[in-house]
Amino acid sequence: MLNEKHKNFLGWNIYQIYPRSFFDANGDGIGDLPGVIEKLDYLKELGINAVWLGPCFKSPNFDNGYDVADYRDIMDEFGTMADMRRLIDEMHKRDMKLILDLVPNHTSYEHTWFQESRKSRDNPYSNYYYWFDTPPNDWESMFGGTAYAFDETRGQYYLHSYTPQQPDLNWNEPGVVKGMQDVVDFWVDMGVDGFRIDVIDQISKDFEGNRNCFGPRLHEFIQALFSREKTAHLFTVGECWTGELDEIHRHIHQDRQELSTLFQFGHLNYGREDKFTPAKGSLTQLWNCMRYWVKTMEEQDLLISLFTDNHDNGWMLERLGSKEYPYESATCIAAMMYLMRGVCFMYQGQELGMFNPHYDTIKEFDDIESLNMYRQLCETMSSVQALDKINFGSRDNTRRPFCWSGQENGGFTTGKPWIPVHSDYKSCNLEADLGSEKSVWRFYRDVLHLRKTHTALRVGSFEPLALRDASYCAYTRTAGDEQITVVCNFEKAQELDIPDACGEILLSNYGRKKKNDKKYEPYEVAVFWRKTNG
Ligand code: NOJ
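How each quantity is defined
Residues numbered from 1 in each chain as written. Predicted model: local features only at pLDDT ≥ 70, side-chain atom pairs only at ≥ 80, totals over all residues. Heavy atoms only, no water. Near = heavy atom within 4 Å. Polar contact = N/O pair within 3.5 Å; in protein donor to acceptor, adjacent residues only side chain to side chain. Areas by Shrake-Rupley, 256 points an atom, 1.4 Å probe, with all protein chains shown as cover. 1 Å grid on protein atoms, 1.4 Å probe; cavity = no way out; pocket = protein on both sides within 12 Å on 5 of 7 lines; lining within 4 Å. Sits in = over half its atoms within 2 Å of the grid points. Nonpolar A, V, L, I, M, F, W, Y, C, P; charged D, E, K, R; others polar. Points joined across faces, edges and corners; volume = space filled by probe spheres on them. Helix = DSSP H or I, 4+ residues; strand = E, 2+ residues; numbered from the N terminus. Buried < 20%, exposed > 50% of the residue type's maximum accessible area, 1.4 Å probe, protein only. Contact = heavy atoms within 4.5 Å. Axes fitted to C-alpha atoms, helices over the stretch in contact; angles between N-to-C directions. Parallel < 35°, antiparallel > 145°, perpendicular 65-115°, else oblique. Salt bridge = Lys/Arg side-chain N within 4 Å of Asp/Glu carboxyl O. Pairing = 2+ DSSP bridges.

Colleague: Which parts of the structure should I look at to understand the site of the ligand?
Modeller: Neighbouring the ligand are 13 residues, the closest being D63, H106, D198, H311 and D312. Within the side chain of H106, a nitrogen or oxygen atom sits 2.9 Å from an oxygen atom of the ligand. Side-chain polar atom of R399 to an oxygen atom of the ligand: 3.4 Å apart, as the coordinates give it. Bound to the protein, the ligand loses 97% of the 290 Å² it would expose on its own. When atoms are counted within 2 Å of each cavity's grid points, the one that captures over half of the ligand is the largest pocket. Residues of the shell around the ligand, tallied by class, amount to 4 nonpolar, 2 polar and 7 charged.

Shown next as structure tokens:
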């Protein structure tokens with residue numbers, strides 16, 4: 001059985017904000033904290049009760065804030081500590097929770113720890129990073145090329161799993177553990193309610209096993225951060241690249257008091273051979289994956305996180321949705337995913353049913369991963385082919401400004417946006433969506449509302465009705481005598497005979513009125529409610 005704390009998390013409808021691109025309140029072209037505050041009522045109306053705010057600490061932005069120069073200060077472009085205090089207050093006033101993005105695996109090279117560490121081999125910070133006379137292995141940076149850079153001052157190589165401006169911290173050094181505990185405590189004292197933890201699996205390295213992650217001291221370090229009285233109440237979600245049940249168990253089982261949940265990424269891979277090769281996947285594949293994991297995690301008393309999009313991928317709709325049925329396919333995925341049992345995470349813009357934008361030149365891109373990849377691809381293919389891949393897989397797909405309206409720059413800023421807005425912003429924006437009979441936004445609001453108001457949809461057990469490889473998905477959620485049946489048909493119209501699909505209709509994306517109509521249209525969703533004892 002899940003304990004009360006974890007059960008409570010099942011009721012969190014979390015919205016990921018990429019602050020740089022959410023709303024710009026001061027017209028400098030960059031989203032900011034005052035912009036987030038202005039839009040809190042918008043989020044509340046959608047049914048959101050918690051926000052995961054992307055990195056907002058002081059940073060030179062080689063990796064958009066995932067390179068932190070000072071964990072106790074706010075990035076200049078985003079505002080001030082006073083803005084952050086106001087954000088926390090305004091959120092709490094609205095009964096909303098704030099989850100910050102903690103980046104413990106690496107700092108910016110501008111962080112004082114690194115600036116001190118590089119000075120010599122025997123100063124108090126000398127072991128805060130991984131230094132070597134010669135690279136000990138051939139590990140590669142996630143953004144291409146070797147993971148070792150030479151530092152002239154110290155005359156040694158250091159490890160950087162990401163850009164050379166993001167040196168990896170050496171957690172074997174007690175000062176690092178203590179330093180990061182202090183950072184966590186600082187923000188807990190400020191009143192934040194939780195953390196999303198960047199690449200948590202990498203904070204302990206397995207040099208012997210030649211793996212830059214899942215090292216022997218990983219759980220000791222996670223415990224040092226979160227198994228303390230001061231942090232016991234927090235919600236924590238770790239970014240962790242594993243599909244192994246045992247490993248997941250070790251990270252998030254409630255009895256271990258490490259993390260509350262993890263982001264598992266298996267289901268994001270459908271429709272791609274690799275991140276940058278355009279291809280379509282099918283909803284059947286998504287169903288197969290979710291069906292297994294949601295059920296297995298429930299059986300093991302583990303909290304799964306439910307999500308379709310984030311700031312590191314192109315939009316899921318591009319791969320699994322249909323341009324012929326944009327509203328229907330977006331709402332079908334929404335219902336299928338978020339009526340399952342788990343913690344709900346949405347990414348900004350998802351509520352508008354976004355597909356990827358398209359650009360004819362690399363100049364419209366900003367992300368370091370995309371630019372490096374483009375350069376690499378151009379060595380083996382034409383620039384047109386390379387651009388095709390970037391258009392498909394670039395992280396910028398989801399990092400472009402939120403389209404509030406069809407006005408210039410999508411109403412995101414009165415200045416010049418830091419990155420061009422979505423190429424379809426004139427038709428795909430909040431105002432246009434709300435003005436349409438087929439509003440993806442309203443459907444999301446209804447889904448979130450159902451999660452809030454029905455115990456069965458929060459904590460109820462999940463039972464798949466459709467089998468693996470089915471051309472539709474169907475499942476029940478049951479708590480006490482309340483049973484909710486979710487049916488989502490996939491690409492093709494068909495007749496479905498589902499005995500549990502009976503009772504009152506709670507939600508439909510086709511205006512379904514007849515309960516017993518077995519005919520389902522393409523991407524049709526129908527959600528049924530009944531009392532099992534009546
Ligand atoms: C994962 C983050 O989600 C990604 O955006 C970032 O580039 C890397 N970690 C490095 O911090």
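That shown, we press on.
Colleague: Mind showing me how you'd approach the layout of surface pockets here?
Modeller: Its boundaries defined by the atoms lining it, the largest pocket holds a volume of some 660 Å³. Lining the largest pocket we find 31 residues, and of these M142, F143, Y162, K275 and E369 sit closest to its centre. Among the elements that make up the lining of the largest pocket, the one with the highest residue count is helix 12 (residues 368-377) (4 residues). Across the lining of the largest pocket, the residue classes tally to 10 nonpolar, 10 polar and 11 charged.

Colleague: It is not clear to me how the environment of G321 should be interpreted in this structure. Could you clarify?
Modeller: Looking at the element boundaries, G321 is found in the loop between helix 10 (316-320) and helix 11 (326-338). The class for G321 is buried, based on a relative accessible area of 7%. C-alpha of G321 to C-alpha of T331: the two residues are 10 residues apart in sequence and 9.6 Å apart in space. If near-sequence neighbours (up to four positions away) are discounted, G321 is found in contact with K280, M316, S329, I333 and F355.

Colleague: Would you explain the packing of helix 9 (residues 283-299) against helix 11 in this entry?
Modeller: When two helices pack together, their arrangement is captured by the angle between the axes and the distance separating the axes. With their axes 11 Å apart at the nearest point, helix 9 and helix 11 run at an angle of 10 degrees to one another. Classed by the angle they form, the pair helix 9 and helix 11 counts as roughly parallel. Along its contact with helix 9, which presents L283, L286, W287 and M290, the element helix 11 presents C332, I333, M336 and M337. Partitioned by chemical class, the residues of the contact of helix 9 with helix 11 number 8 nonpolar, no polar and no charged.

Colleague: Before we go on, may I ask you to explain the pattern of salt bridges in this structure?
Modeller: What the rule picks out here adds up to 36 salt bridges. Close ionic contact of D101 with R196 constitutes a salt bridge, the shortest N to O distance being 2.9 Å. Pair noted here: D101 is in strand 5 (residues 97-102) and R196 is in strand 9 (residues 194-197), with a separation of 95 residues, a long-range link. A salt bridge links D182 to K178; the nearest nitrogen and oxygen atoms lie 2.9 Å apart. Taken together, the residues span about one helical turn, with D182 and K178 both in helix 6 (residues 174-190) at a distance of 4 residues. Note on D182: relative accessible area 28%, which makes it partly exposed. In the salt-bridge network here, residues are joined through shared partners; they are D63, K275, D312, D367, E369, R395 and R399.

Colleague: Would you mind showing me how to read the environment of F57 here?
Modeller: Here F57 lies in strand 3 (residues 57-58). Of the residues examined, F57 reaches a relative accessible area of 2% and is grouped as buried. Between the alpha carbons of F57 and V188 there is a distance of 15 Å; along the sequence they are 131 residues apart. Ignoring any residue separated from it by four or fewer positions in sequence, one finds F57 in contact with V68, D70, Y71, D73, I74, M75, L100, D101 and W187.

Colleague: Before we go on, may I ask you to explain the side chain of T107 in this structure?
Modeller: Mapped onto the elements of the fold, T107 is located in the loop between strand 5 and helix 5 (112-117). Here Y129 takes part through its side chain, which lies 2.8 Å from a polar atom of the side chain of T107. Among all residues touching T107, those that are not within four sequence positions of it are D67, V68, Y71, W113, F114, Y129, Q165, Q166, P167 and L169.

Colleague: Can you walk me through the sheet that holds strand 10 (residues 235-239) in this structure?
Modeller: Within a beta sheet, neighbouring strands are joined by backbone hydrogen bonds and run either parallel or antiparallel to one another. What the 8 strands build is an open sheet, ordered 11-10-9-5-2-1-13-12; its pairing is parallel. Here the strands that pair on one side only, and so sit at the sheet edges, are strand 11 (261-263) and strand 12 (305-306). Bridging between strand 9 and strand 10 involves 4 bridges; their strand directions are parallel. Paired with G194 across the bridge in strand 10 is F235.

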